[in-house]
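# Secondary and tertiary structure notes
So the chains spell out like this:
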Amino acid sequence: MIGLSQNDDPVIFEVTATCETTPVESPDDGADDPCIWVPSNNPAGTIIVGTDKKFGLETYDLSGKKLNRFGFGNINNVDINPSYFSPNSNGIITSALVIGTNRSTHSIDFFRLNDSGALFLIHREVIGQEMGDLYGLCAFSEQGVHYFVASDKDGTIMRASYAQPAQTKAQNSTDDDDKKAISVNDPQVFRLNSTVEGLVADTHHKTLYIAEEDRGIWAYPLVDHSAFAPRLVLATDDTLLIADIEGLTLYDQGEGQGYLLCSIQGANSYGVLDRQSLSLLGVFKIVPSGSIDGAEETDGIDVTAEALPGFPKGLFIVQDGFNTVEKQNFKFVNWSDIEFHLQNN
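Residues numbered from 1 in each chain as written. Predicted model: local features only at pLDDT ≥ 70, side-chain atom pairs only at ≥ 80, totals over all residues. Heavy atoms only, no water.

Let us look at the nonpolar core. One finds Leu261, Tyr270, Phe284, Ile286, Phe316, Trp335 and Ile338 to be the most contacted residues of the largest nonpolar core, which totals 21 residues. For this core, the secondary structure elements donating two or more residues are strand S1 (11–16), strand S20 (257–264), strand S21 (269–274), strand S22 (280–287), strand S23 (301–304), strand S24 (315–320) and helix H2 (335–344). Ignoring sequence-local partners within four residues, the contact set of Phe284 consists of Phe13, Val15, Leu261, Ser269, Tyr270, Val272, Phe316 and Ile338. (Core = buried A, V, L, I, M, F, W, Y, C linked by side-chain atoms within 4.5 Å. Buried < 20%, exposed > 50% of the residue type's maximum accessible area, 1.4 Å probe, protein only. Helix = DSSP H or I, 4+ residues; strand = E, 2+ residues; numbered from the N terminus. Contact = heavy atoms within 4.5 Å.)

What follows is the structure in structure tokens.
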């Protein structure tokens, strides 16, 4: 585990959204959590999956245009595994695995996402009474094993591995094959003292970050619980880090470099921590610009460091909990704008 210091003087700044998605169709608190898929052979074909937690899932392109809407149930959080499916005969991966917490069915749902933005349910893992109302989720792969971590509103956390049965086909599978395509194994449960939603895995540093909404961000061992003692690495306060701490995401620059980001719902802002030292480097708001309003009361966030059309150093996406007179949506922020302030203040 690398150092756990905190900078006393984080940079305070503002950025604006470059674009925004079509609003979700559900009223009031509808949108919640986004995830980003960058196809390895086609960054311009990047697809964003967002939850309409009163209906299901929606997909968007890089302009924020809605591609599809799917009524899978009350899915609260989503994450993506871009390397689950095998490459096709040309060596190209044409699908990604999307995983979500479904409150309607009290299940972890697994979907195949294709390059047109279509989603297909391939497995529904019903969760037992050890978990309450399902809430947060993250996915990661470690030493060739795929995992998900899910939380409930009472602070219970489940980590389990999942795999693809050998007899199923990956890229050109039929719907019948897809329905047999996931086996969930070795669930392990542990608990914090209050509500947990934000989760993100740092496989380089072997750490699972957990946002306990009222307390702050915890660092837990990723898989091996004996690796180090859990530690609170960023605590809420009454000034900058006002509860709730909600979404978490990782800006991965490779070799353990980059940033851990969180949404600070109580202050309508976002925190940026150094990925290695966990120092708090900056706190920023997303403010209005032209026809695009700012972002407030954010739940879920996601980020990619991949160079994308219009976003040369990556893309940061947030749920906007108060979208002026419209229903909720997701805002897209150019990472270059965030980086500028971190490096020039």
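Within H2, burial applies to Trp335, Ile338, Glu339, His341 and Leu342. One face of H2 carries all of its buried residues, which in axial projection span an arc of 165°. Residue Asn334 occupies the N-cap position of H2, its side-chain oxygen lying 3.1 Å from the main-chain nitrogen of Ser336. (Arc of directions from axis to C-beta. Polar contact = N/O pair within 3.5 Å; in protein donor to acceptor, adjacent residues only side chain to side chain.)

The subject of this paragraph is the pattern of salt bridges. By the definition in use, this model includes 17 salt bridges. A salt bridge links Lys53 to Asp299, with the nearest nitrogen and oxygen atoms 4.0 Å apart. Of this pair, Lys53 sits in the loop between strand S4 (47–52) and strand S5 (56–60) while Asp299 sits in the loop between S22 and S23, placing them 246 residues apart in sequence. Put simply, Glu25, Asp52, Glu58, Lys66 and Arg69 are held in one network by salt bridges that share partners. (Salt bridge = Lys/Arg side-chain N within 4 Å of Asp/Glu carboxyl O.)

Backbone geometry follows two general trends: most residues other than glycine have a negative phi, and most peptide bonds adopt the trans configuration. Residue Asp244 is bonded to the preceding Ala243 through a cis peptide linkage, with omega at 15°. With phi around 60°, Asp28 is a residue other than glycine that occupies positive phi space. Looking at the secondary structure, you find Asp28 in the loop between strand S2 (19–20) and strand S3 (31–37). The phi dihedral of Leu278 is positive, around 65°, even though this residue is not glycine.

Any space left empty among the atoms is revealed by the rolling of a water-sized probe across them. Of the voids in this model, the largest pocket is the one considered here, and its volume is about 1,100 Å³. Lining the largest pocket are 50 residues, and of these Asp79, Ile80, Pro82, Leu250 and Val303 sit closest to its centre. Looking at the lining of the largest pocket element by element, the count peaks at eight residues for strand S19 (residues 245–254). Across the lining of the largest pocket, the residue classes break down as 24 nonpolar, 14 polar and twelve charged. (1 Å grid on protein atoms, 1.4 Å probe; cavity = no way out; pocket = protein on both sides within 12 Å on 5 of 7 lines; lining within 4 Å. Points joined across faces, edges and corners; volume = space filled by probe spheres on them. Nonpolar A, V, L, I, M, F, W, Y, C, P; charged D, E, K, R; others polar.)

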